[in-house]
Structures are given as C-alpha cells and as structure tokens.
Amino acid sequence: MNIEAIWQAQTQQALFREMLEAMARPGTVRDLAHHLEGANALRGLLATLMDGSTTLADPHGLVHDADRVLLQAALDMPERARFVAVDGERAPDFQPALGTLASPELGATLVIVVDALDAGSLTLDLTGPGVESVKRLACAGLHPDWIAAREEWNADFPLGVDLILVDKTKLAAMPRTTRINVLAEVH
Amino acid sequence: MGYVAIKGGGRAIAGAAEVTEFLRAEQGEGSEPLEIATIVHQLRHLVSRVVSEGGVYHPEFAALSIKQSLGDTLEAAFALRAWRSTQPRLLETPLLDTANMRLIRRISSAFKDIPGGQMLGPTPDYALRLLRMELIDESPESFRAVARRWLAELPEERLPDSFPKVLDALREEGLLPPVSEHRASVAFDITREPLVFPVPRCAALSTMARGETGSLLGIAYSNMRGYGDVHPTVAELRVGYLPVLLPHPVTGELIEAGEVLLTECEVVAMYDAAEGGGKPVFTVGYGACFGHNEVKAISMAILDRALQKGMRDGPDNPSEDPEFVLLHVDGVDSMGFATHYKMPHYVTFQSDMDRLRTTQRKSRAKESA
Amino acid sequence: MNMTSHTPTAYNFGFLDEYAKKEVRRAILKAVSIPGYQVPYASREMPMGRGFGTGGLQLTLSLIGPGEVLKVIDQGSDDSVNAVNLRQFIEMTCPGVSTTTRTAEATLIQSRHRIPERPLTGDQIIVLQVPYPDALVVVEPSEDKRKIMHGEADYSRLLVKLYEDIVQFDEITISHRYPTRINGHYVIDPSPIPRWDVPKLHHSRSLALFGAGREKKIYAVPPHTDAEPLVFTDVPFRVEDFRDGEGRRRACERCGCADSFLDEFVDGSGEKVYQCSDSDWCDEHLAEANQGVTA
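All residue numbers refer to positions counted from 1 along the written sequence of the respective chain. Chain A is the first chain written and ligand 1 is the first ligand written, with later ones labelled in order. Only residues with pLDDT of at least 70 are given local features in this predicted model, and only at 80 or more are side-chain atom pairs given and counted; all residues enter the totals for whole chains, interfaces and linings. To get the side-chain values, all heavy atoms of the structure are used, and hydrogens and water are removed first.

## Here we look at the overall build of chain C
At step 1: Looking only at helices and strands, chain C has six helices and 12 strands in total.
At step 2: Whereas a compact globule of 295 residues would reach a radius of gyration of roughly 19 Å, chain C reaches 20 Å, a difference of no more than 12%.
At step 3: With the C-alpha coordinates aligned to their principal axes, the bounding extent of chain C is approximately 70 × 60 × 40 Å.
At step 4: Burial statistics for chain C: of 295 residues in total, 62% are counted as buried.
At step 5: It only takes one pair of heavy atoms within 4.5 Å for two residues to be counted as in contact. For chain C, the share of sequence-separated contacts (at least 6 apart) that also reach a separation of at least 24 residues comes to 60%.
At step 6: For the accessible areas, the method is Shrake-Rupley and the probe is 1.4 Å, while residue cover comes only from the protein chains on display. Accessible surface computed for chain C: about 10,600 Å², of which carbon and sulfur atoms make up 51%. Here a helix means four or more residues in a row that DSSP labels H or I, a strand means two or more in a row labelled E, and each is numbered from the N terminus. As a reference, a globule follows 2.2 Å times the number of residues to the power 0.38, and the radius of gyration itself is taken over C-alpha atoms. Relative accessibility thresholds used throughout: buried, under 20% of the residue-type maximum; exposed, over 50%; partly exposed, between the two (1.4 Å probe, protein chains only).

If you want it as structure tokens, here you go:
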C-alpha cells in the first residue's frame, strides 16, 4: 500500500522541525515543498499536529472529509477549538479561545491559509522574542482585519492566540509575543 | 592524570549490567531459571502489585519484569510502564460494572450478613503468621498433590456468576446520596493528560489506582491515626475477575475481550455536616486496582474519601490535599527521583561551595570589622 | 503460558509511539509561543529513572530525525555515566542518527546541569533536563496557586526571599537554578545550571527547550529573547568566582583556559585541582595549545 508522505512518521518529524523553526523565529518563511511531496502545507501541518486528543475547527471548509477521518481530531466550534484552520481572504467573524491566566496554552493556534508568503503587497515588520532586530514578512491574500483582531486578542499577555500562515507549500509563524507593524500596503 | 573522575562511563555501565546479570544466575550449576508461569502463579501477590503499580494488566510481562529486576517491585513496575509508553491507546472500554465480577472473595465489615453472603476466599487475614518450615524442603510430588487434592474435593454446587453490591442496599434505604448525574462522559486518562489542579475525582482515582502501595498506605494511615478523620467502615471489599468489554473495531458491537483480576473496596463514612443543610448521609470512599491488593484498595478508598473532603472544604491534613497526595504516591516518579541523587551533581555542588565560601568570607569580614 | 505471540521484536523510531510525540510537539510549540511558561504534558514513562533526564529525553525523541547530529552531556561531560546511558538509548532507538562530542558539530544537544561554553548557533537546539521546573516552589508549595502567580507575573514573594538572603548573608545564596525572568514576564527555573551559564540564555542564537519528566512540564526560551536573572539594582547578579586567595583567576590544569567553568577536585596526592567542566571546550583548547607548541 502506498501511504502519502504527510501521513508518515518521518515526514511529520521533518515538518514539525520546520514548524518549530518558524515558531521560534517569527516571520521566517520555511519552504516545506520537498517534505510534502505534492500535498499542500495546510494538510502537512494538520497531519503533523492532529490526533484524537486535540480539537480542530474548520469554519471555512478547508479540510477534506477523507482527511478529517485520518486526522482523528474532534471537530469543535472556532470559539473553542485548540486549532482553527481559516481562509485568510475572509475577515474574522469569531473570537478564538484565548486561554486563561493559569493556562494560557489553551489559547488557540490559528492556521491561516493565504495566497503567497514571501511575496505580495502586505508587508509586516515583526519584532519580539525570536527576532534579532526586525523581521520583514510579505504576504498576499491576508485580510487586514486578522492583524487588527489579533492585536485585540493578544492585548493581555499571557492570554492570546498564535498564528501560523501557510500558502501552498510555505509556512511562517507569529506567536502571541510578536509585535506587528503593518507597513503601508503597496498597490 | 585522567580528565574527569567519571571517565569510562560506557564501560562502567556495561560492567554494572553484567554483574547484576551474574547475581541473577549466581546459584550456578544445577539450578533452574525461574519460569514466567512459576512467577505468575507462585508469586501471585508480587505480580498483582506490579500490574497494579505498572498500570498495565499484563501478568506475563509483569512476571518477566519481576524476573529481570530480581524481584524489585519498584523496578518491575517501572519497566512495565516504560513498555506501555511504546503502545498507542487504540480503544476505550465503556463503563464496566463491577457487579459483574466473577468473585473469589467478598466481605463486608458493616453487616453480619449481606445479600449473596460473605465469602472469605483466599486471605491470610485469620491465619497465624508462623513460618511453615515444611516448605523449606517441599518435594515436587507433595507440591503437585496440593492442587490435585483441592480440585478433587471441590463441592459440586456452583457459585452464582455475580453478586449484588452492598452499597446498592444502603442507597435504596436513603443512607447514601444518589449517584451523581454529573459524570464525565470521557474518563480522565492520566497517561495522556497531565494533572493540572484542581483535578476531577476520576483523575485522582486513576492516579491512586497505579500508585505505590506503601506510599498510599503511609498517607492513608496518617489519616486513620488522627491527621484526618475519615473513620471508615468497609461496606464491601471484593476480589475477582471483571469481564472487559471492547467495541468491535468494525461493527462497534461490544464484545468480551478478556478479564482482569481486580480488587475493589468501598468504604462509607459520615460527613461532619450534611452538604447544603439537607439530611445527613453517609459518603462513599472508593478504591480499585488491578490484581489482588487489598491493603492498597482500602488505603485508596480512605484517601478518596479524605480528598473529597479536602476538595469541598479545603485540606486540614496532608491526606486531604489533592496536590500533596496525588503528586507523591507514584512509585515510578518518586523512586526515580530518589535514585537520581546518586548521579553526579558536581557542577551544582561547585556552585553551592562558591556561595558558601563567599558568605563565610563575608561573615568573617563582618566579625573582624 | 505462551509469550512468543506478543513478544515485541522492535521499538518504534524514537521509542515513543507517534501519538506521544505529537502531544509533546504541540506542547513544544505552545512553550515557544509563551516564553518561560510551563506547558503541562502527559509525560510518558521512559526506561530510565524519573530524575535521570526523562523530560529532556522525551523532548529529544520528539525532535530527532534521521540525519540529526546529537550531543549528550551531563555536568559538561560527554563521558559521564548518565550521558553515556542516554546517548546509547537514543542510538539504539533512533537508527540513522549520528552522535558527536563536538559542540560545534551538533544540531541537537541534550544536557544536564550545563550549557556548553562555546556559544550556540542558530542551527542548534539545546534541550535541558529539569528536575524542578517551577522557581516559585520555594515560596509556594501549591501548584494551583503558583499558576495564578505566574499568570499575573507576581514574583513579589520570590523577591522578598532574595531580599531576606541579602539581609542575613549580605549575598544572594542561590547557587544554581537561579530564577530568571523571560521576556519580562515569566520567571523560570533555568534547570540546575550554575549561575555561570545563566547569561548564555539571554538573547542566545539558539532555541533552548526545558523538559521536566516527573513534573510533566515543558518550557522554552526562544532565540533572541530577554533572559534576566532576578536581582536588585544595588546587589548585582554574580557568577561563580574562580579566583584564588590572591585574587588571581584560576585556570584549567589541563588546557590552561582561564575563562571557563571549572570543576574542583582533589588529585591522588591530596592537591586541589581545577579543570574545565565542559570536556569538548577543554579538548579544543588543548588541541589549540598543542598546535601552538608544534607550530
């Protein structure tokens, strides 16, 4: 039987290391193409992180039924789920879990699908833990409301949400500690 | 001169393993290795303890673990748990009703007689603890004759498959609170979720179910002696085999996958004041564990009752404090940490000496000033 | 009784089953996102004792992949019994992984009680083994209460404790496990590293991950992140003092290095001797010194 790469332990280990690098160094774009073997980055990410003991919300219907079974994660509301996969082109219309003062890790991880990373008209300057001075991140297909909403959700550290942006094959992260300065969108 | 005092670590570890293996076999020529089945059957309580503290019902691997650890219960439970770490959790059983246990023993100290009857079964409770010198030179013939004789003299009558629970009668009479409706739909799995306090009662129970017998006994005993006030009565203690049902992987239909030897203890005790000002009722402390471990099940039941009080009113004694009890009864955790003090600590000790020398110097300077 | 039917023949790559690794990986990501916060995780039993580095080991086994170059040290030494034991276990359960004693070559370093002297790079991850993850445990035994104190970044009782030290001893007496504030919020127990190593966490180029197996916690100090030992403005933080009676900095007996953390021991003739605690650092210096002689 031929098992797709993203469901194999060795691929998931490699993908996890890419995600960890991305999370430890906000704004750094990691290209996952050579691990994914044709799958998209969202599927690779979910295959790596999901199992039956976590929860996933898919308000925009980004996950295929066939994948949903293999991911094993219980489906939940976007307001409650530990992981929420969303389409970045659409403006946020929910408030994700922000965690509690005693357990801030219960704040959600938002996986936002965008058109492109390392290219596009939206340019963000990132500072904070993991960034030596300033890290510039360009992307296309991210509704600006996500940045504003994130600002609000993350106003009371340690409460907040952690963002992972994915395009077809690439990934970049912005944990709740990252400060974002939106440079004027160039048209 | 050598570089560090512990150069040659690899050789030392190999040597330690070899000499331990030698000790296992030192009886030498003409001796026989312990058979796993011999351990399972003749060291029944040892195996019971290890399956219970190891948290895996696998009597053969428990026996193997006992064999390789030369009978050290902490080490044996430990190796069994480590093996468990390599096994995924594939299925969950539904709630299993212990009324369905195939009993080998059941007693109640609360009543002279109970529905279904008291059944003393295998227990040393009323035996004189005198050394049986005749076992020193027991012949295989006389040993084998024991089982043969017992089976031959077995009466024809068959025991019922199950016995009613003593608590049910008390509950019917209104002496116990009704069973709570707020039961978690999914049991807290302590092997998959960390304890973040406050924890639900089911997490406390499963932590104690694989707790170290001596640790549970020690803390429960402190409650019995006066650092606490549970004053329990054993409503029922039962030992037997509980059928384990699992959903069929394809059809989902429940099928009996096997049975586990279990010890269960239910104690009743009075609350100081009735909750919510209602009529006073007894409350229940519950203990259950794999294997035949009565002292453990009783200790656990007393602690369960003590912890319920602590969770409700705040702890007045160590045995009522969930963090104190639940974080200190695990044998693998506590023995590991006690053992780790044997490892080199010279970097931190260097740092300790630095602080002591500095403060001594300062205090000397102060004195001479 | 027949056991052959279910005798395991081989273990999974990295010993743990893949579900266990996923849980640890999710915890690691949250630990990095909330620097210094102790993320609870289930913590599986490993085949070595709690307290021997099972927390660090679960991190390593969840991180490691074929092609990794691993270094394992204990007290700064690759050859310490515990380091050897852990390294052998990882070699046995992770085929395809190579191990090294050279800090510079390693991509992943698991350590107990030391951070290597050679500054770590952005391509390296250090995993530290942690016996006591919570710096507040000295002032508050209840974890329930400590979690709220951490959330509020309320470290007043810890500071009072340090202050009492100063009043009594005219010094802060904490020798190792020095409470260190991460990114201006959480105070961590940086594991039993000496004070000497604490400044290495501050704006390090590498990611530092901390694993407490028995206490079931994972926490992190991301790269380029503030890591500041708790101090008062008038009592500076001081690392271990390696000066002799006359105020001269002691040097390593073996390689001559005079700016490394030193182990002190008594040699065969009863003399007190000092040597580098970091064995790779010492070897490198010795090689350089020898080259200098032969050149």
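There's plenty left to go through after this.
## Observations regarding the overall build of chain B
At step 1: What chain B contains, in helices and strands, is 13 helices and four strands.
At step 2: Dimensions along the principal axes, computed over C-alpha positions, put chain B at roughly 85 × 70 × 55 Å.
At step 3: Expressed as a percentage of the 369 residues in chain B, the buried residues total 41%.
At step 4: Long-range contacts, defined as pairs at least 24 residues apart, comprise 67% of the intrachain contacts of chain B with a sequence gap of at least 6.
At step 5: Entry remark: accessible area of chain B is about 21,000 Å², with carbon and sulfur atoms responsible for 58%.
At step 6: Of the charged side chains in chain B, 39 are positive and 50 negative; the average position of the first set lies 7 Å away from that of the second. Counted as positive: Lys and Arg. Counted as negative: Asp and Glu, with His and the chain ends omitted from the count. Charge placement uses NZ in Lys and CZ in Arg. For Asp and Glu, CG and CD serve respectively.

## With respect to helix H3 (residues 44–54) of chain B
At step 1: Among all positions of H3 of chain B, only Val 47, Ser 48, Val 50, Val 51, Ser 52, Glu 53 and Gly 54 of chain B are buried.
At step 2: At the exit of H3 of chain B stands Gly 55 of chain B, carrying a positive phi of roughly 70°.

## Re the packing of helix H2 (residues 54–63) of chain C against helix H3 (residues 81–93) of chain C
Residues and elements named next belong to chain C.
At step 1: At a minimum axis distance of 12 Å, the contact between H2 and H3 shows a crossing angle of 30°. As far as their axial angle goes, H3 and H2 are roughly parallel. For the crossing formed where H2 meets H3, the hand is right-handed. Judged by residue contacts, Leu 57, Thr 60 and Leu 61 of H2 engage Leu 86, Phe 89, Ile 90 and Thr 93 from H3.
At step 2: Charged means Asp, Glu, Lys or Arg here, nonpolar means Ala, Val, Leu, Ile, Met, Phe, Trp, Tyr, Cys or Pro, and polar covers whatever is left, Gly included. Its residues assigned to classes, the contact of H2 with H3 shows five nonpolar, two polar and no charged. Angles run from 0 to 180 degrees between N-to-C directions of axes, and those axes are lines fitted to C-alpha atoms, restricted for helices to the stretch in contact. Geometric relationships in this document are graded by angle, where less than 35 degrees denotes roughly parallel, more than 145 denotes roughly antiparallel, 65 to 115 denotes roughly perpendicular, and other angles denote oblique. Take the far helix as your reference; a near helix turned counterclockwise from it by less than a right angle gives a left-handed crossing, and one turned clockwise gives a right-handed crossing.

## Observations regarding the packing of aromatic side chains
At step 1: Geometry of aromatic contacts follows a simple scheme: Phe, Tyr and Trp rings, the Trp one being its six-membered ring, pair when their centres are within 6.5 Å, and the pair is stacked under 30 degrees between planes, edge-to-face over 60, tilted otherwise. For the structure on display, the rule yields 17 aromatic pairs over all chains.
At step 2: Where Trp 146 of chain A meets Trp 153 of chain A, the ring centres are 6.4 Å apart and the plane angle is 70°; that geometry is what we call edge-to-face. Grouping residues by exposure puts Trp 146 of chain A and Trp 153 of chain A together as buried.
At step 3: Taking 5.5 Å as the distance between ring centres and 65° as the angle between the ring planes, the aromatic pair formed by Phe 337 of chain B and Tyr 341 of chain B counts as edge-to-face.
At step 4: Sitting over the face of the ring of Phe 337 of chain B, Arg 214 of chain C holds its NZ or CZ atom 3.5 Å from the ring centroid. The criterion for a charge sitting over a ring is simple: Lys NZ or Arg CZ within 6 Å of the ring centre, and within 35 degrees of the ring normal.

## Describing the nonpolar core
At step 1: Residues enter a nonpolar core if they are buried and are Ala, Val, Leu, Ile, Met, Phe, Trp, Tyr or Cys, with the set joined through side-chain atoms within 4.5 Å. Residues Leu 20 of chain A together with Ile 28 and Leu 209 of chain C are the most contacted members of the largest nonpolar core, which totals 101 residues.
At step 2: Beyond its immediate chain neighbours, meaning those up to four positions away, Leu 20 of chain A contacts Ile 28, Leu 29, Val 32, Leu 63, Ile 125, Leu 207 and Leu 209 of chain C.
At step 3: Counting residues in each nonpolar core, the second largest holds 28 residues, with Ala 57, Val 86, Leu 98 and Ala 149 of chain A among its members.

## Focus on the domain arrangement of chain C
Residue and element names in this part refer to chain C.
At step 1: For the domain bounds, the source is a domain assignment made automatically or taken from a database. Structurally, chain C comprises domain 1 (18–133 + 189–228) and domain 2 (241–295).
At step 2: Once you take the C-alpha centre of each, domain 1 and domain 2 turn out to be 27 Å apart.
At step 3: The partner domain 2 presents 11 residues to the 14 residues of domain 1 that form the contact.
At step 4: By buried area we mean how much accessible surface two parts lose on assembly, using a 1.4 Å probe and totalling the loss over both. Each partner contributes to the roughly 1,000 Å² buried at the junction of domain 1 and domain 2, and carbon and sulfur atoms together form 46% of this total.
At step 5: A per-residue breakdown of the area domain 1 buries against domain 2 is headed by Glu 117, Arg 118 and Trp 196, which together make up 46% of the total.
At step 6: Salt bridges are defined by distance alone: a side-chain nitrogen of Lys or Arg within 4 Å of a carboxyl oxygen of Asp or Glu. Our enumeration of links across domain 1 and domain 2 arrives at two salt bridges.
At step 7: The shortest N-O distance in the salt bridge between Glu 284 and Arg 118 comes to 2.9 Å.
At step 8: The term polar contact refers here to a pair of N or O atoms within 3.5 Å; inside protein, the definition further demands a hydrogen-donor-capable atom paired with an acceptor-capable atom, and it admits residues adjacent in sequence only when both atoms are side-chain atoms. There are eight residue pairs in polar contact (both at pLDDT 80 or more) connecting domain 1 and domain 2.

## Examining the interface of chain C and chain B
Size of an interface, as often reported, equals the accessible area lost when the parts are brought together.
At step 1: Each partner contributes residues to the interface: chain C has 76 residues there, and chain B has 62 residues.
At step 2: Remark: the boundary between chain C and chain B carries nine salt bridges.
At step 3: Two residues, Asp 333 of chain B and Arg 50 of chain C, come together in a salt bridge whose shortest N-O distance is 2.6 Å.
At step 4: Scanning the region where chain C abuts chain B turns up 29 residue pairs in polar contact (both at pLDDT 80 or more).
At step 5: Broken down by secondary-structure element, the contributors of at least two residues to the side of chain C that touches chain B are helix H1 (18–33), H3, helix H4 (143–151), strand S11 (262–266), strand S12 (272–276) and helix H6 (279–294) of chain C.
At step 6: A class-by-class count of the residues in the side of chain C that touches chain B yields 31 nonpolar, 18 polar and 27 charged.

## Observations concerning the environment of Leu 170 of chain B
All names here are of chain B.
At step 1: Summarising the element assignment, Leu 170 is placed in helix H7 (residues 166–172).
At step 2: Residue classification places Leu 170 among the buried residues on the basis of a relative accessible area of 5%.
At step 3: C-alpha separation for the pair Leu 170 and Phe 282, spaced 112 residues apart in sequence, amounts to 9.1 Å.

## Points about the domain arrangement of chain B
Residue and element names in this part refer to chain B.
At step 1: The domains assigned to chain B are domain 1 (31–87) and domain 2 (98–128 + 163–334).
At step 2: Using C-alpha coordinates to define each centre, domain 1 is positioned 24 Å away from domain 2.
At step 3: Listed by partner, the interface residues are 16 residues for domain 1 and 22 residues for domain 2.
At step 4: Interface area lost by domain 1 to domain 2 is led by Ser 52, Tyr 57 and Arg 81, which between them contribute 39%.
At step 5: Summed over the shared surface of domain 1 and domain 2, the result is two salt bridges.
At step 6: Across the pair Asp 330 and Arg 81 runs a salt bridge, and its minimum N-O distance is 2.8 Å.
At step 7: The tally of links between domain 1 and domain 2 comes to 13 residue pairs in polar contact (both at pLDDT 80 or more).
At step 8: With seven residues, the top contributor of residues to the side of domain 1 that touches domain 2 is H3.
At step 9: Grouping the constituent residues of the side of domain 1 that touches domain 2 by class yields six nonpolar, five polar and five charged.

## Concerning the sheet that holds strand S1 (residues 30–31) of chain A
The strands that make up a sheet are held in pairs by hydrogen bonds between backbone atoms, and each pair lies either parallel or antiparallel.
All names here are of chain A.
At step 1: We call two strands paired when DSSP finds no fewer than two bridges between them. The seven strands are arranged S1-S9-S8-S5-S4-S2-S3 in an open sheet whose pairing can be described as mixed. Two strands close off the open sheet at either side, each with one partner strand: S1 and strand S3 (74–75).
At step 2: Here four bridges tie strand S8 (residues 162–166) to strand S9 (residues 170–174), and the two strands are oriented antiparallel to one another. By the bridge assignment, Ile 164 is partnered in S9 with Ala 173.
At step 3: Contacting S1, S8 and S9, helix H1 (residues 9–24) crosses the sheet at an angle of about 40° to S9.
At step 4: Running at roughly 135° to S8, helix H3 (residues 41–49) makes contact with strand S2 (55–57), strand S4 (83–87), strand S5 (109–113), S8 and S9 of the sheet.

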